[in-house]
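A look at the structure
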Amino acid sequence: METKEVTKKICGIDIGLHGALCFITNKDNYTLYDMPTIKIGKRKDVDLAKFISIIKNEKPHTIIYEDIKSIYQVAKPTMLSLGKQIGYVAGIAKVLNINTYRVAPQVWQKSLLKNIPLMNVNGSYKETFYKSVSLLHTLLPEENIMKDFFVKTRYHDGKVDAYLLAYYLHLLLTKNS
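Residues numbered from 1 in each chain as written. Predicted model: local features only at pLDDT ≥ 70, side-chain atom pairs only at ≥ 80, totals over all residues. Heavy atoms only, no water.

Tracing the sequence through the fold places L113 in helix 3 (residues 105-113). On the basis of relative accessible area, L113 is assigned to the buried category, the value being 4%. Expressed as a C-alpha distance, the spacing of L113 and V133, which sit 20 residues apart in the sequence, is 10.0 Å. (Helix = DSSP H or I, 4+ residues; strand = E, 2+ residues; numbered from the N terminus. Buried < 20%, exposed > 50% of the residue type's maximum accessible area, 1.4 Å probe, protein only.)

The next thing to look at is helix 4 (residues 127-139). The end-to-end C-alpha separation of helix 4 is 19 Å, in line with the 18 Å expected for 13 residues at 1.5 Å each. Of all the 13 residues making up helix 4, 10 are buried; the element is thus mostly covered by neighbouring parts of the structure. Packed against the buried residues of helix 4 are helix 3, helix 5 (142-148), strand 9 (154-155) and helix 6 (157-175). (Expected span 1.5 Å × (residues − 1). Contact = heavy atoms within 4.5 Å.)

Following both chains from N to C, one finds helix 3 and helix 6 inclined at 75°, their axes separated by 10 Å at the closest point. Between helix 3 and helix 6, the crossing angle belongs to the class labelled roughly perpendicular. Contacts from V107, W108, S111 and L112 in helix 3 reach D161, L164, L165, Y167, Y168 and L171 in helix 6. Per-class residue counts for the contact of helix 3 with helix 6 are 8 nonpolar, 1 polar and 1 charged. (Axes fitted to C-alpha atoms, helices over the stretch in contact; angles between N-to-C directions. Parallel < 35°, antiparallel > 145°, perpendicular 65-115°, else oblique. Nonpolar A, V, L, I, M, F, W, Y, C, P; charged D, E, K, R; others polar.)

Next comes the structure, spelled out in structure tokens:
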């Protein structure tokens, strides 16, 4: 069975102040950004001016982000911040007339990671993150991974998740075209 290549630009967003944005048209053609932040008083928040500028410049067809209901053992202020950021994404996408796709973390992770063996990766991560990094190593050349997804001595989990979210939607759109 032949699959048609979809060239619509997809934006994967890992919500969170240490999150990231990834724009892809296919698995090899991607651009990554750290979540832009700004200090407001004593707290950090998303820098909406920079966030909107990135979205406008990249012009994605669809934005995909995690449908976060609650995360076990995460403090209420953090959950409120994540909820606020989801609102930012949804509102900005609506104003800019960009399609959105919300997906539960378990859904995209189960779909992408079901047949991925664990690699020997240094660090203390959860099993799903080990599998995410293992998948990344099957999709991209090693030099890209070290240049784009590695920060100092560890993987940037926001960039890994943003890329894989965008890749997940890319696969769905490719399969359905």
